[in-house]
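Working through the structure, step by step
Each chain, written out:
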Amino acid sequence: MSSKQINIGLIGLGTIGVGVAKILTQNKENLALRADIPVVLKRAVDLDLSRVKSLDMTGVALSTRAADILEDPEIDIVVEVIGGVNPARSFIETALKSGKHVVTSNKEVIAKHGLEFVEIAMEHKVNIYFEAAVGGGIPIIHALKNSLAANNIEKIFGIVNGTTNYILTKMTREGAAFEAVLKEAQALGYAEANPSADVDGYDVAYKLSILGSLAFNSHFSYEDIFFEGIRNINATDIRVASDLGYVIKLLAIGVAHGEDVELRVHPAMIEKSHPLANVNGSFNAIFVKGNYVNETMFYGPGAGELPTASAVVGDILDIAMSPDMDRAHPSIATNLKDKPIRPIGEIVSEYYLRIEVADEAGVLASIAQICGNHKVSIRAVQQKDPVSGNAELVLITHLVKEGSMQAALAEIKALPTVRAVHSLIRVGI
Ligand code: HSE
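Scope of this entry: the structure provided in the associated data block. (Residues numbered from 1 in each chain as written. Predicted model: local features only at pLDDT ≥ 70, side-chain atom pairs only at ≥ 80, totals over all residues. Heavy atoms only, no water.)

Re the overall build of the chain
Within the chain one finds 14 helices and 17 strands. Since a compact globule built from 429 residues should have a radius of gyration of about 22 Å, the 24 Å found for the chain is in line with a globular shape. Judged by the C-alpha coordinates and their principal axes, the chain covers about 85 × 45 × 35 Å. Taking all 429 residues of the chain together, 52% fall into the buried category. Accessible surface, the chain as shown: approximately 18200 Å² in total, 49% of it carbon and sulfur. On the chain, the mean spot of the 39 positive side-chain charges and the mean spot of the 50 negative ones are 2 Å from each other. (Helix = DSSP H or I, 4+ residues; strand = E, 2+ residues; numbered from the N terminus. Rg over C-alpha atoms; globule rule 2.2 N^0.38 Å. Buried < 20%, exposed > 50% of the residue type's maximum accessible area, 1.4 Å probe, protein only. Areas by Shrake-Rupley, 256 points an atom, 1.4 Å probe, with all protein chains shown as cover. Lys, Arg positive; Asp, Glu negative; His and termini not counted. Charge placed at Lys NZ, Arg CZ, Asp CG, Glu CD.)

Details of the packing of aromatic side chains
In total, this model carries 5 aromatic pairs according to the counting rule given. An angle of 70 degrees between the planes, with centres 4.8 Å apart, marks the rings of Tyr206 and Tyr222 as edge-to-face. In this pair, Tyr206 is assigned in helix α10 (residues 202-216) and Tyr222 in the loop between α10 and β8 (226-227), connecting sequence segments 16 residues apart. The residues Tyr206 and Tyr222 share a single accessibility class, namely buried. The aromatic ring of Phe157 is capped on one face by Lys155, whose charged end is 5.3 Å from the ring centroid. (Phe/Tyr/Trp six-rings, centres within 6.5 Å; stacked < 30°, edge-to-face > 60°. Lys NZ or Arg CZ within 6 Å of the ring centre and 35° of its normal.)

What about the pairing of strand β9 (residues 246-256)?
Summarising burial for β9: 10 of the 11 residues are buried, a large majority. Two elements, strand β7 (residues 153-159) and β9, share 4 bridges in a ladder whose sense is antiparallel. Paired with Gly158 across the two strands is Ala252, which belongs to β9. Here β9 pairs with strand β10 (residues 261-271) via 11 bridges, running antiparallel. By the bridge assignment, Gly254 is partnered in β10 with Leu263. In sequence, β9 turns back onto β10 through a hairpin of 4 residues. (Pairing = 2+ DSSP bridges.)

Some points on a nonpolar patch on the surface
A cluster of nonpolar side chains, namely Phe283, Met297 and Tyr299, defines an oily patch on the protein surface of about 280 Å² accessible area. Here Tyr299 lies in strand β12 (residues 294-301). On the basis of relative accessible area, Tyr299 is assigned to the partly exposed category, the value being 46%. (Patch = residues over 30% accessible without salt bridge, like charges linked within 9 Å, V, L, I, M, F, W, Y side chains within 5 Å. Salt bridge = Lys/Arg side-chain N within 4 Å of Asp/Glu carboxyl O.)

Observations regarding the site of the ligand
The full set of residues close to the ligand is Lys107, Asn161, Gly162, Thr163, Asp198, Asp203, Lys207, Gly302 and Ala303. Here Lys107 contributes a side-chain N or O atom positioned 2.7 Å from an oxygen atom of the ligand. In the model, an oxygen atom of the ligand is placed 2.8 Å from a nitrogen or oxygen of the Lys207 side chain. Starting from 250 Å² of accessible surface for the ligand in isolation, the protein chains cover 83%. Looking at the shell around the ligand, the elements with two or more residues in it are α7 (162-174) and α10. Of the residues belonging to the shell around the ligand, the class tally is 1 nonpolar, 4 polar and 4 charged. (Near = heavy atom within 4 Å. Polar contact = N/O pair within 3.5 Å; in protein donor to acceptor, adjacent residues only side chain to side chain. Nonpolar A, V, L, I, M, F, W, Y, C, P; charged D, E, K, R; others polar.)

A short note on the packing of helix α5 (residues 107-123) against α10
Viewed as axis vectors pointing N to C, α5 and α10 meet at an angle of 50 degrees, and their least axial separation amounts to 9 Å. The orientation of α5 relative to α10 falls into the category oblique. Between α5 and α10 lies a crossing whose hand is left-handed. Mapping the contact onto sequence places Lys107, Glu108, Ile110, Ala111 and Lys112 in α5 and Asp203, Tyr206, Lys207, Ser209 and Ile210 in α10. Looking at the contact of α5 with α10 residue by residue, the classes come out as 4 nonpolar, 1 polar and 5 charged. (Axes fitted to C-alpha atoms, helices over the stretch in contact; angles between N-to-C directions. Parallel < 35°, antiparallel > 145°, perpendicular 65-115°, else oblique. Left-handed = near helix turned anticlockwise from the far one by under 90°. Contact = heavy atoms within 4.5 Å.)

Looking at the pattern of salt bridges
Within this structure, the stated rule accounts for 22 salt bridges. When the shortest N-O distance is used, the salt bridge between Lys42 and Glu74 registers 3.2 Å. With Lys42 in strand β2 (residues 39-45) and Glu74 in the loop between α3 (67-70) and β4 (77-80), this pair connects stretches of sequence that are 32 residues apart. Residue Glu74 is classed as partly exposed on the basis of its relative accessible area of 45%. The salt bridge involving Glu154 is made with Lys289; its shortest N-O contact spans 3.3 Å. One end of the pair, Glu154, is in strand β7; the other, Lys289, is in strand β11 (residues 283-290), and 135 residues separate them in sequence.

Things to note about the sheet that holds β4
Overall, parallel pairing links the 6 strands, which are arranged β3-β2-β1-β4-β5-β6 in an open sheet. The open sheet is flanked by β3 (61-63) and β6 (128-129), the only strands paired with a single partner. By the bridge criterion, 4 bridges tie β4 to strand β5 (residues 101-104) in an arrangement that is parallel. For Val78, the partnering residue across the bridge sits in β5 and is Val102. This element, helix α4 (residues 88-97), spans β1 (6-11), β4, β5 and β6 of the sheet and lies at about 150 degrees to β5.

What to know about helix α11 (residues 235-243)
Where α11 is concerned, the buried positions are Asp237, Ile238, Val240 and Ala241. What you see down the axis of α11 is that its buried residues fit within an arc of 170 degrees, all on one side. Where α11 is buried, its residues touch α7, β9, β10, β13 (348-358), β15 (390-397) and β17 (418-427). One side-chain oxygen of the residue at the start of α11 lies 3.1 Å from the amide nitrogen of Thr236, identifying that residue as Asn234. (Arc of directions from axis to C-beta.)

By themselves, these figures tell us nothing about what the structure is for.
Dropping the structure here:
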């Protein structure tokens, strides 16, 4: 690391990159005071440089080739904010192998290749930081790596996707349908043209694999995490949930058990009195329960240009303030236990079930019989007004194993009097 100043090379001038360029150029005096050394944006690259035209980038070498940064021996820290796996992965590997520290906001590449990066970083005596990969501006990674490190983490759960939280919030407030809100969110730029990573739960699974690895001192592949998105959540379920005192949110949930760990991503009905029920729009919130600290809550903007850039620049300062490190921290636990993820069939939850049935004598009894056979105990039943000879039943169960619930559901679906099983949503956290 240069002893006179810290030189930054920024790869990617999209939303987050522009935010990073703004903070590094507009707040440089303050950053230099904090780090006790000038932190200089030396180079920035993107195929499209138009987005920084309105910024004062005096002294910053702009170009379209990442190699200009990766091959510059004076660059100390490479900031990768292009997202996705390719070519981000090779940029990160090349930077680390060239003895440069890396800061990234890229949850997908960290979830898929973080372990390899940490190993390369350790070999080359540099580090890789990724605070902005989870929770936008919320300092949850630093909290897990440092501030809460004294604890055995018992549970971590929360809302870590701003796009889906924005969609669910709008559906809840306006009684609107998923597709309509998604289209509106896309038009406003809150949701991507291809929304799958957000609405189908991939983004949350990437983030949970990172959070879970740090919280539970093990490495978890996102592919082993059960995840469901919000495509099947409809306005009726949101309304019925509200009548019953619940709000539907897309949750990431991690729970430590003795020998294994629960890691799952799915929509869940949470009580309106729970603080997560009031986390709305693109905000994120994460609860962490440690054995010494007890329950903590981290809340803030989960996405967006400046909040995410704030986390990126925080990482840059972290590196700038510890320039003499001679080994990378095992920032995604590489050296600890290998804990299995509990199969989804083994987790225990309450369930909400909405079924359309023939409005005939004995139908409810036959459903209750199947539930009883599978030890699914019913906590509440509601029957809505009949529509064209059918009735809508809403059942809420007591705590039961997911495997038993699914086995009962398969039998319920096969009953000739059951017209449709509209929804199965887990209740509680
Ligand atoms: N697509 C992500 C979200 C961006 O909606 O939360 C922040 O990771």
